[in-house]
Amino acid sequence: MDLSSILKPEAVRVLSAASSKKRLFQEIGDVAAGALGLDSQTIVDCLLERESLGPTGVGHGVALPHARLSEIDSVAGVFVMLEKPIDFGSVDRQPVDLAFALFAPEDAGVEHLKALALVSRTLRDSAVCSKLRANPDPVKLYAILTTAQSMQAA
């Protein structure tokens, strides 16, 4: 599994307007609707429901919101970079400016966990995050994300 199999280029965005976690989820829903053909409100509802179990802000400005959906048949993601970091209730209390949302089929068991581990490993790399933050262009962000894994393996 690699990030290019989870993330489409059109599912990568730079956002200027997200001012809260809920607004961020609405933006992610809009991106998922356009790039993945999913229902925006369903995405928002599922992300909020998962978030109610505990924050998905993993620290160092990174959030990994995720949800299981009946409307999807394979793991897919949306990556957004925020121009202005927001409070996300992260474990380290730092505001979030990088969010990789993962969506998996309801019965995806191990595939969902593998995808979450892959995204987590990639965004735990401070060099990758620095490159992402220095390149606020969706095309460059996609390239950084999809080549980061092969760089880590080398």
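Above this text sits the structure in question.
Let us look at the structure shown here.

The rules behind these values
Residues numbered from 1 in each chain as written. Predicted model: local features only at pLDDT ≥ 70, side-chain atom pairs only at ≥ 80, totals over all residues. Heavy atoms only, no water. Salt bridge = Lys/Arg side-chain N within 4 Å of Asp/Glu carboxyl O. Helix = DSSP H or I, 4+ residues; strand = E, 2+ residues; numbered from the N terminus. Buried < 20%, exposed > 50% of the residue type's maximum accessible area, 1.4 Å probe, protein only. Pairing = 2+ DSSP bridges. Axes fitted to C-alpha atoms, helices over the stretch in contact; angles between N-to-C directions. Parallel < 35°, antiparallel > 145°, perpendicular 65-115°, else oblique. Left-handed = near helix turned anticlockwise from the far one by under 90°. Contact = heavy atoms within 4.5 Å.

Moving on: the pattern of salt bridges. As enumerated under the stated definition, the model contains 3 salt bridges in all. One salt bridge connects Arg-133 with Asp-97, and the closest N-O pair in it is separated by 2.8 Å. Residue Arg-133 is located in helix 5 (residues 126-134), and its partner Asp-97 is located in strand 6 (residues 96-105); the two are separated by 36 residues in the primary sequence. By relative accessible area, which is 33% here, Arg-133 ends up partly exposed.

In terms of residue burial, strand 6 counts as a mostly covered element, since 10 of its 10 residues are buried. Here 4 bridges tie strand 4 (residues 66-69) to strand 6, and the two strands are oriented parallel to one another. Bridged to Arg-68 within strand 6 is Ala-104.

This paragraph deals with unusual backbone geometry. Here His-60, not a glycine, exhibits a phi torsion of approximately 60 degrees, which is positive. Along the polypeptide, His-60 turns up in the loop between strand 2 (57-59) and strand 3 (62-63). In this structure His-60 comes out as exposed when scored by relative accessible area, which is 68%. Of note, the phi angle at Arg-93 is positive, near 65 degrees, even though the residue is not glycine. Secondary-structure assignment places Arg-93 in the loop between strand 5 (76-86) and strand 6. Given the relative accessible area of 74%, Arg-93 is considered exposed.

On to the packing of helix 2 (residues 21-36) against helix 3 (residues 40-51). As a packed pair, helix 2 and helix 3 sit with axes 8 Å apart at the nearest point and diverge in direction by 140 degrees. Between helix 2 and helix 3, the angle falls in the class oblique. With respect to the hand of their crossing, helix 2 and helix 3 are arranged in right-handed fashion. Residue-level contacts link Lys-21, Lys-22, Phe-25, Gln-26, Ile-28, Gly-29, Asp-30, Ala-32 and Ala-33 of helix 2 to Ser-40, Ile-43, Val-44, Leu-47, Leu-48 and Glu-51 of helix 3.

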